[in-house]
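Descriptive analysis of the structure
Read off the chains here:
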Amino acid sequence: MSASPAISPTQQSTTTRHDWQLDEVQALYALPFNDLIFKAQTIHRENFDPNEIQVSSLLSIKTGSCSEDCGYCPQSARYDSDLTPEALMPVDVVLKAAQKAKEQGASRFCMGAAWRQPKDRDIERVVEMVQGVKALGMETCVTLGMLTDTQTARLKEGGLDYYNHNLDTSEDYYSEIITTRTYQDRLDTLARVREAGINVCCGGIVGMGESDVDRSKLLIELANLPKHPESVPVNMLVQVEGTPLMGTEALDPLIFIRTIAVARIMMPKSRVRLSAGRNNMSDEMQALCFLAGANSIFYGDKLLTTDNPMTSHDSRLFERLGLHSGGSSYAND
Ligand code: SAM
Ligand code: DTB
Ligand code: SF4
């Protein structure tokens, strides 16, 4: 790989830009690894405490039987993934899980439902969950699929802090992965969430067989939104038996780390979350991701339906790296 002379590794820029072009993003990806990480870490330090990690815990509040065909997802009803579907959980069960997550050190509780889009009556139950979790003193996030204006308004009124809705990949590659809803559907939901005044959590998945250009274009979509998402989850595909993406060639871990670094540079004030896939990453790889500017994780033994590192392992990793948890989602600006 050769570095572009147009980009100096020490050039500092915490300007929040929304006009990223493909050639400059590809030039970032192509920097010598040390230069890229140095640049990302420099920008990271200009905006955040470099040793502080925001910690979120996930709970699947409605599992499986989903009508969508997302090729990575074990919760689609179309694939035989050996998953036991579960209806929407009672509020008290969710609150017990949130309490446990809080005791383990999570500051945000994220509730995920395997829906294409929720019904209005589902939203009422979710609002009760949000209110209960907030009463525990935690930040709240939900991911429920596509939303209407009425639903985003109701969630905002109910006190929701964050809505997670991922773009997943580039617009070009998208139809290889999902056919039952469009890229524009996703952008429309994101715009509704923003319009309602809810913080946006939006990222994607790498390791799905996409190209370098697709990864750059995904980051461009995210960074060129009218406002950067406050949280940007970068997921490494978790390959699940029975899903169409099972058996996809694994992504070079160094490209994953580069993706974190480029995301940090392009969205300097956002929380970049080292998300799904940590269970298959070494401690050393995760340390490099933190060095590259990741400053948020999912914490807890499970993601939604698949395994995450044990909390005891993560606490030990934080100790070994001198990291501490805490922090609001967005750098002061
Ligand atoms: N059903 C809702 C939706 O799709 O918007 C919310 C839940 S869905 C499981 C949330 C996100 O999890 C997806 O958009 C995707 O980015 C991520 N995800 C799902 N399965 C994954 C997998 N096997 N590996 C990595 N990320 C995954
Ligand atoms: C996100 O970007 N990753 C999380 C969360 N948002 C909802 C989900 C990861 C799911 C991994 C597969 C599973 O456990 O089912
Ligand atoms: Fe359904 Fe969400 Fe899974 Fe897609 S990612 S199949 S919408 S649960």
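Report follows, based on the coordinates. (Residues numbered from 1 in each chain as written. Chains lettered and ligands numbered in written order. Predicted model: local features only at pLDDT ≥ 70, side-chain atom pairs only at ≥ 80, totals over all residues. Heavy atoms only, no water.)

1. Looking at the overall build of the protein chain
Of regular secondary structure, the protein chain possesses 11 helices and 10 strands. A globule of 333 residues ought to have a C-alpha radius of gyration of about 20 Å, and the protein chain, at 19 Å, matches this closely. Projecting the C-alpha coordinates of the protein chain onto the three principal axes gives extents of approximately 55 × 40 × 35 Å. Residue pairs at least 24 apart in sequence account for 76% of intrachain contacts in the protein chain once pairs closer than 6 positions are excluded. Of the charged side chains in the protein chain, 32 are positive and 44 negative; the average position of the first set lies 4 Å away from that of the second. (Helix = DSSP H or I, 4+ residues; strand = E, 2+ residues; numbered from the N terminus. Rg over C-alpha atoms; globule rule 2.2 N^0.38 Å. Contact = heavy atoms within 4.5 Å. Lys, Arg positive; Asp, Glu negative; His and termini not counted. Charge placed at Lys NZ, Arg CZ, Asp CG, Glu CD.)

2. With respect to the pattern of salt bridges
All chains considered together, the criterion is met by 20 salt bridges. Across the pair R17 and E24 runs a salt bridge, and its minimum N-O distance is 2.7 Å. Judged by relative accessible area, which is 23%, R17 ranks as partly exposed. We note a salt bridge from D307 to K302, for which the minimum N-O separation is 3.7 Å. The structure contains a network of salt bridges with shared partners spanning R17, D19 and E24. (Salt bridge = Lys/Arg side-chain N within 4 Å of Asp/Glu carboxyl O. Buried < 20%, exposed > 50% of the residue type's maximum accessible area, 1.4 Å probe, protein only.)

3. A look at the site of ligand 1
Near ligand 1 lie 16 residues; those nearest to it are Y72, T143, N166, D168 and V238. Within the contact set of ligand 1, a nitrogen atom lies 3.2 Å away from a backbone nitrogen or oxygen of A113. V238 places a main-chain nitrogen or oxygen 3.0 Å from a nitrogen atom of ligand 1. Alone, ligand 1 offers 560 Å² of accessible surface; in the complex the protein occludes 90% of this. Broken down by class, the residue content of the shell around ligand 1 amounts to 9 nonpolar, 5 polar and 2 charged. (Near = heavy atom within 4 Å. Polar contact = N/O pair within 3.5 Å; in protein donor to acceptor, adjacent residues only side chain to side chain. Areas by Shrake-Rupley, 256 points an atom, 1.4 Å probe, with all protein chains shown as cover. Nonpolar A, V, L, I, M, F, W, Y, C, P; charged D, E, K, R; others polar.)

4. Points about the site of ligand 3
All residues adjacent to ligand 3 are C66, E68, C70, Y72, C73, S76, A114, W115 and R181. Of the residues contributing to the shell around ligand 3, the split by class is 6 nonpolar, 1 polar and 2 charged.

5. Examining the environment of V232
Its place among the elements puts V232 in strand β7 (residues 231-236). For V232, a relative accessible area of 1% puts it in the buried group. Counting along the chain gives 64 residues from V232 to S296, while the straight-line C-alpha distance between them is 9.1 Å. Apart from residues lying up to four places away in sequence, V232 is in contact with C202, G203, L222, M267, S270, R271, V272 and R273.

6. Some thoughts on unusual backbone geometry
The phi torsion at S65 lies on the positive side, around 55°, for a residue other than glycine. Relative to the elements of secondary structure, S65 occurs in the loop between β1 (52-62) and α3 (91-104). Although it is not a glycine, D82 sits at a positive phi angle of roughly 65°. Inspection of the secondary structure assignment puts D82 in the loop between β1 and α3.

7. Overview of the pairing of β7
Burial of β7 is extensive: 6 of the 6 residues sit out of reach of the surface. Each parallel crossover has a hand, and the one from strand β6 (residues 204-206) via helix α8 (residues 212-223) to β7 is right-handed. Handedness of the crossover is the feature at issue here: the chain leaves β7, passes through helix α9 (residues 253-266), returns alongside strand β8 (residues 271-274), and the resulting connection is right-handed. (Right-handed = clockwise from strand over helix to strand, strands pointing away.)

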